[in-house]
Amino acid sequence: MNKIRPELEELLFSSLENVLVESVAATDIVVRIEALSTARQATSPGCGYLSGRIHGSYPRFPHDLPTAGKPVVVALRVRRFVCAEGSCSRKTFAEQVPGLTRRFGRRTERLRSTLISIGLALAGRAGPRMTDVFGAPVSRNTLLRLIASLPDPPVTTPRAVGVESTAVRCPTGQGLSGQRE
Ligand SMILES: [Zn+2]
């Protein structure tokens, strides 16, 4: 196992730092990746204090992108850290592993963003059907909730718009024909 572990980490979590893959096991219905966070410190979400004092650990089970037609669950051991900043309301806090966990999140970031893309492209009934096909079934309400959690796009104030500067649609329906000068 030790020999293939670096290859597994590269394959599964190539873009993530501080994640150690311990094992990968596949049953008939699910692929389970055992992993743990190895970051030495974590930042308190209450005050920004960087703590290295571990209070305890516990498992989280974020769902990941399916592989080989099976759902994937990451059994990820994360830690609670002690916040030593006296004025902070949090005495302890859970670490988040960028890319794998977010507060109260049940999915890895890559599964989350894939589901959001499906929700945006295929709203209504087609979205849940598509998630079913690709092995990470979620309800329409979940897709809508994920989309609603996206940050608002930045508001830009349009400059003065005149008839002169509006784009016109090409009569053949091929798209925009350009801008009038
Ligand atoms: Zn704090």
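Before reading on, note that the structure itself is shown above.
The residue numbers shown here count from 1 along each chain, following its written sequence. Where totals are concerned, whole chains, interfaces and linings use all residues; where local detail is concerned, this predicted model gives features only for residues with pLDDT of at least 70, and gives and counts side-chain atom pairs only at 80 or more. Only hydrogens and water are removed before side-chain values are computed, so all heavy atoms of the structure are retained for them.

Some remarks on the overall build of the protein chain
Where we set the bar: For the purposes of this entry, the term helix denotes a DSSP run of H or I that reaches at least four residues, the term strand denotes a run of E that reaches at least two, and both are numbered from the N terminus. Each residue is placed in one exposure class: buried if its accessible area under a 1.4 Å probe, protein chains only, is under 20% of its type's maximum, exposed if it is over 50%, and partly exposed if it falls in between. Every residue pair with non-hydrogen atoms within 4.5 Å of one another is taken to be in contact. Here the accessible surface of atoms and residues is derived via Shrake-Rupley with a 1.4 Å probe, and residues count as covered only by protein chains that are part of the display.
Along the backbone of the protein chain there are four helices and ten strands. Start at the N end of the protein chain and walk to the C end: the helices and strands fall as α-β-β-β-β-β-β-β-β-α-α-α-β-β. In the protein chain, which comprises 181 residues, the proportion classed as buried is 29%. Put simply, of all contacts in the protein chain between residues at least 6 apart along the chain, 46% involve residues at least 24 apart. Counting every atom, the protein chain has about 12,200 Å² of accessible surface; 54% of that belongs to carbon and sulfur.

As for helix α4 (residues 140–148)
Given 3.6 residues per helical turn, the α-helix brings residues three or four places apart onto the same face. What counts here: By definition, the arc is the one covered by directions from the helix axis to the C-beta atoms.
Regarding α4, the residues found buried are T142, L143 and L146. Buried residues of α4 fall within an arc of 100° about the axis and therefore sit on the same side. More than 90 degrees from the buried face of α4, the exposed residues found are N141, R145 and A148. The elements touched by buried residues of α4 are α2 (109–121) and α3 (126–133).

What to know about the packing of aromatic side chains
Applied cut-off: Whether two aromatic rings pair depends on their centres lying within 6.5 Å, for rings of Phe, Tyr and Trp, where Trp uses its six-membered ring; planes under 30 degrees apart make the pair stacked, over 60 edge-to-face, and the rest tilted.
Tallied over the full model, the rule gives one aromatic pair. Measuring from ring centre to ring centre gives 6.1 Å for F81 and F93, while their planes differ by 25°; the resulting arrangement is stacked. One end of the pair, F81, is in strand β7 (residues 70–82); the other, F93, is in strand β8 (residues 92–94), with twelve residues separating them in the sequence. Just as F81 is buried, F93 falls in that class too.

Observations concerning the coordination of the zinc ion
Using the following cut-off: Water is not among the atoms examined, so metal sites may look incomplete; donors are the N, O and S atoms within 2.8 Å of the metal, or within 3.2 Å for Na, K and Ca. Only four donors with every angle between 85 and 135 degrees are called tetrahedral; only four or six donors with opposite donors over 155 degrees apart and all others between 65 and 115 are called square planar or octahedral, in that order; all others are irregular.
For the zinc ion, the full set of protein donor atoms is S44 (OG), C47 (SG), C83 (SG) and C88 (SG), at a range of 2.2 to 2.4 Å. For the zinc ion, the four donor atoms are set out with angles of 100 to 119° between them, so the coordination reads as tetrahedral. Donor residues binding the zinc ion come from one chain and are separated in sequence as S-x2-C-x35-C-x4-C. A residue is classified by how much of its surface remains accessible, and S44, at 2% relative accessible area, is buried.

Examining the pattern of salt bridges
The criterion, for reference: Take a side-chain nitrogen of Lys or Arg and a carboxyl oxygen of Asp or Glu: if they are within 4 Å of each other, that pair is a salt bridge.
Across all of its chains, the model carries four salt bridges by this definition. Note that E34 is salt-bridged to R32, the shortest N-O span being 2.9 Å. By relative accessible area, which is 27% here, E34 ends up partly exposed. We note a salt bridge from E109 to R102, for which the minimum N-O separation is 3.0 Å. The exposure class assigned to E109 is partly exposed, which follows from its relative accessible area of 22%.

As far as function goes, none of this settles anything; it's purely spatial.
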